[in-house]
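# Survey of secondary and tertiary structure
Each chain, letter by letter, is given below.
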Amino acid sequence: MNGGFWRRLLALTRKEVKQLLRDRSNLMMGIALPLVLILIFGYGLSFDVKNAPVAVVMEDHSPTANDMIAGLRLSPYLAPTVVDSMHDAENLMLARKVDAILRLPSDFSRRLGLGDAHVQLILHGADANTSRTIQGYVQSALAQSTVVQADRSGDTPSPAVGSVHLEQRLWFNEANTSTWFLVPGLIVLITTLVGAFLTALVMAREWERGTLEALFVTPVRPLEILLAKIIPYFGVGMIGLLMCLVAARFLFDVPIYGSLWLILLVSVFYLFVALGIGLLISAVTKNQFTASQLALVTSFMPALMLSGFIYDLRNMPLAVQVVGRVLPATHYMEVLKSLFLAGNLWPVILKNCVILIGYAVVVLAAARMKTRKLLE
Amino acid sequence: MNAMLAFIRRVANLCSKELRVILKDPASRVLLFVPALLQSLMFGYAATLDLREAPYALLDQDHGPAAVQLVANVEGSGVFRRVATLDNERDIASVVDAGKVLFVLHIAPRFEQRLSAGEDTPVQVILDARNSTTAGTASGYLGAIVSRFNTDWRTGHGGADAPLTMDVRAWYNPNLETRWFMMSSMIAVLSMLQTLMLTALSVAREREQGTFDQLLVTPCTPTEIMIGKSVPSIFVGLVQSTLVLLIATLWFHIPMAGSLVTLYTGLLVFTVACVGIGLAISSLAVNMQQAMLYTFVLMMPLVLLSGMTTPIANMPTAMQWLTTINPARYAIHLVQRVYLEGVGLGTVIADIVPLLIIAAVTLPFSAWLFRHRLV
């Protein structure tokens with residue numbers, strides 16, 4: 001490379017940075033949106049059910065039944081309200097004031113003594129995941145109460161018969177809070193947004209207005225134009241990433257078991273992929289509306305839905321899994337989650353880094369080709 | 001009377017012009033419908049928190065009939081599929097680390113012996129909780145499987161039946177499928193993105209291309225221009241909702257419990273509220289790029305705090321307050337109540353009123369901004 005290259009690159013980059021800083025809406029996307037998202041993801045979103053309202057219908061008023069319900073009250077996950085009749089409970093459920101109804105029939109304590117009691121649990125199934133979680137909580141609260149009662153009465157049903165209990169160990173997320181997996185996922189989203197969406201939008205505008213063609217008549221080469229475009233947005237992406245890292249560590253106490261340098265390194269790789277996708281989309285569409293829609297559909301929405309961010313890829317049908325596996329975001333997500341929560345797992349890191357570098361090379365080369373072809 | 005007719009004619013002309021602008025370009029025509037179609041199909045399959053054939057690894061150091069029976073119970077459920085069989089505890093870390101399995105089921109030596117001796121026998125699960133939701137779901141399933149195993153074991157070995165049985169029933173979604181929830185939410189949310197974007201772009205585009213000034217010299221009043229800009233977006237939004245609705249009922253066979261009239265009344269009010277927000281963005285933005293970025297920056301909180309990704313009840317109180325100005329929140333609630341629960345117009349009025357209020361604030365505000373910016 002001769003001196004001209006660096007001089008032109010520097011001048012172009014300076015122009016791009018100025019252009020970026022001039023329009024407030026760009027900075028809003030690059031800086032304000034990550035901030036808002038960090039707050040929403042860290043404080044607002046949670047899959048952890050707390051204080052779920054449950055209507056309890058006690059048709060049996062015996063002390064045994066009362067003790068049973070006391071167990072529910074102790075659970076931090078449930079907020080039981082005793083109602084007088086099944087009718088009242090149903091009305092609460094119809095108004096969606098409660099998520100579930102637990103009914104203890106009138107012969108409950110008598111049959112519990114015989115070892116054959118039934119309780120009925122009716123769930124509001126609209127939000128299936130929450131319902132299932134509540135079912136688990138009610139089940140374990142009742143089981144706890146049963147054990148306490150058996151201990152108190154002194155006669156375990158049949159001491160000679162053993163039973164199995166499940167001993168759980170949660171790896172990588174001891175606190176078992178969804179914030180821990182939402183925050184690393186957030187980094188993937190923000191990097192995708194800045195890299196692909198913002199870049200596609202800004203470039204498409206230049207294509208649409210013809211200002212890019214105007215640049216082509218100057219002595220600058222397409223590579224220099226592309227590099228000068230990449231550099232400022234790379235900077236914005238890195239700022240977003242650093243904000244996320246700081247928030248993860250100091251606001252949300254998400255552990256970072258892996259090396260910080262590795263996190264930065266894989267993020268750089270992924271940012272190149274995302275920037276490349278943005279450049280490619282704009283070069284193909286050359287129209288702001290189309291580019292924004294395409295960026296949304298091909299990069300952002302899949303990163304949200306198909307990368308294993310919220311929905312585990314392993315539960316999806318094979319065809320959808322394949323689509324997910326092809327996405328660069330999925331590989332970045334995988335390595336980032338491991339680096340945050342599990343540590344430096346080299347096989348995971350190496351495999352995904354190679355894939356990300358591969359993507360970066362292919363996508364950037366394609367963007368470069370698309371830009372040159374137009375010059376001729 | 002004549003003035004009225006002229007008003008209608010002008011609005012109709014404006015509408016047809018706007019619709020033509022939207023549908024003129026083949027690329028944008030495709031973009032209006034194909035993404036909605038693909039996304040609702042794809043996400044209908046992808047957005048599931050239910051486990052199906054989730055991979056697990058087995059470390060059975062006992063091999064007794066009881067252990068074999070327990071494993072059969074785990075695999076017979078169809079929820080879990082064994083992808084690895086381990087020989088010793090050292091191998092646990094590598095399969096879990098690599099993310100190959102969701103959990104390792106570890107049955108220690110002397111399992112059978114302890115169980116037969118009437119002891120409380122542990123069986124260990126090591127869960128990969130990098131995704132805490134999936135881990136929680138898996139552990140729920142496993143708990144149920146183990147308790148069923150216990151019941152069988154107890155009755156098979158002369159013990160009493162379990163003292164307590166819980167009969168579970170789920171209303172409105174008998175098999176507790178996440179998809180029912182997701183698809184019904186998407187009827188509202190998927191169209192929101194495009195309704196907002198289209199409206200926000202419409203004025204910004206004219207301003208950028210200089211045709212806005214031409215509109216101003218026509219006899220059309222700002223109100224007429226606004227209506228002309230709104231109606232096509234509302235139309236496109238409703239068509240997209242219909243598309244998702246068709247996929248939900250015909251492709252995924254999710255039964256529609258309520259009335260279409262109620263559903264569309266709700267969707268119409270929701271789309272009008274979205275158009276109001278879109279127009280407000282449009283009057284604030286100087287060019288298309290700004291309009292798009294503002295839409296997007298607004299869009300993210302609207303979707304995330306709508307109750308679609310995580311329940312609103314789980315949010316901190318301050319965030320819950322914030323959701324009261326989010327139209328998507330009411331729309332999702334409304335669609336779910338009508339679609340899954342089958343409630344009537346009288347019940348969903350509680351969701352329609354806030355949407356009307358949002359529309360009643362945003363539409364006059366953007367009309368005011370229009371006029372304000374014209375001068």
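Residues numbered from 1 in each chain as written. Chains lettered and ligands numbered in written order. Predicted model: local features only at pLDDT ≥ 70, side-chain atom pairs only at ≥ 80, totals over all residues. Heavy atoms only, no water.

Listed in UniProt under the heading Subcellular location (unreviewed entry), the comment for chain A reads: "Cell membrane". Per UniProt, chain A carries the Sequence similarities (unreviewed entry) text "Belongs to the ABC-2 integral membrane protein family." (UniProt positions renumbered as here; feature names shortened; annotations may be inferred.)

### Points about helix α10 (residues 260-285) of chain A
Residue and element names in this part refer to chain A. In this model α10 runs 37 Å from its N-terminal to its C-terminal C-alpha over 26 residues, within 8% of the 38 Å that 1.5 Å per residue would give. Counted residue by residue, α10 has 19 buried out of 26 residues, so it is predominantly covered. Among the residues of α10, the N-terminal cap falls to serine 259, whose side-chain oxygen and the backbone nitrogen of tryptophan 261 are separated by 3.1 Å. Lysine 286, located one to two residues past α10, shows a positive phi value of around 55°. (Helix = DSSP H or I, 4+ residues; strand = E, 2+ residues; numbered from the N terminus. Expected span 1.5 Å × (residues − 1). Buried < 20%, exposed > 50% of the residue type's maximum accessible area, 1.4 Å probe, protein only. Polar contact = N/O pair within 3.5 Å; in protein donor to acceptor, adjacent residues only side chain to side chain.)

### Things to note about the confidence of the model for chain B
When the pLDDT values of chain B are averaged, the result is 87; 98% of them are 70 or greater. Two numbers describe this predicted complex: its pTM, 0.84, and its ipTM, 0.82. (pLDDT = per-residue confidence, 0-100.)

### Remarks on the sheet that holds strand β1 (residues 52-58) of chain A
Read from one edge to the other, the open sheet built from five strands follows the order β2(A)-β1(A)-β3(A)-β4(A)-β5(B), with strand pairing classed as mixed. At either end of the open sheet lies a strand with only one pairing partner, and these are β2 (78-83) of chain A together with β5 (164-171) of chain B. For this sheet, the mean angle separating the axes of adjacent strands, direction not counted, is 25°. For strand β3 (residues 100-104) of chain A and strand β4 (residues 117-124) of chain A, the ladder comprises four bridges, and the chain directions are antiparallel. If you follow isoleucine 101 of chain A over to β4 of chain A, its bridge partner there is isoleucine 122 of chain A. The strands that helix α4 (residues 86-94) of chain A touches are β1, β2, β3 and β4 of chain A together with β5 of chain B; relative to β3 of chain A, the one it contacts most, it runs at about 170°. (Pairing = 2+ DSSP bridges. Axes fitted to C-alpha atoms, helices over the stretch in contact; angles between N-to-C directions. Contact = heavy atoms within 4.5 Å.)

### Regarding the interface of chain A and chain B
With 109 residues of chain A in contact, the opposing surface of chain B contributes 111 residues. Both sides together, the interface formed by chain A and chain B hides about 9800 Å², and carbon and sulfur atoms give 64% of it. Its largest share of buried area at the contact with chain B, chain A owes to Val164, Phe289 and Arg314 of chain A, together 8% of the area lost on that side. Here arginine 205 of chain A makes a salt bridge to glutamate 208 of chain B, at a shortest N to O gap of 4.0 Å. (Buried area = accessible area lost by both parts, 1.4 Å probe. Salt bridge = Lys/Arg side-chain N within 4 Å of Asp/Glu carboxyl O.)

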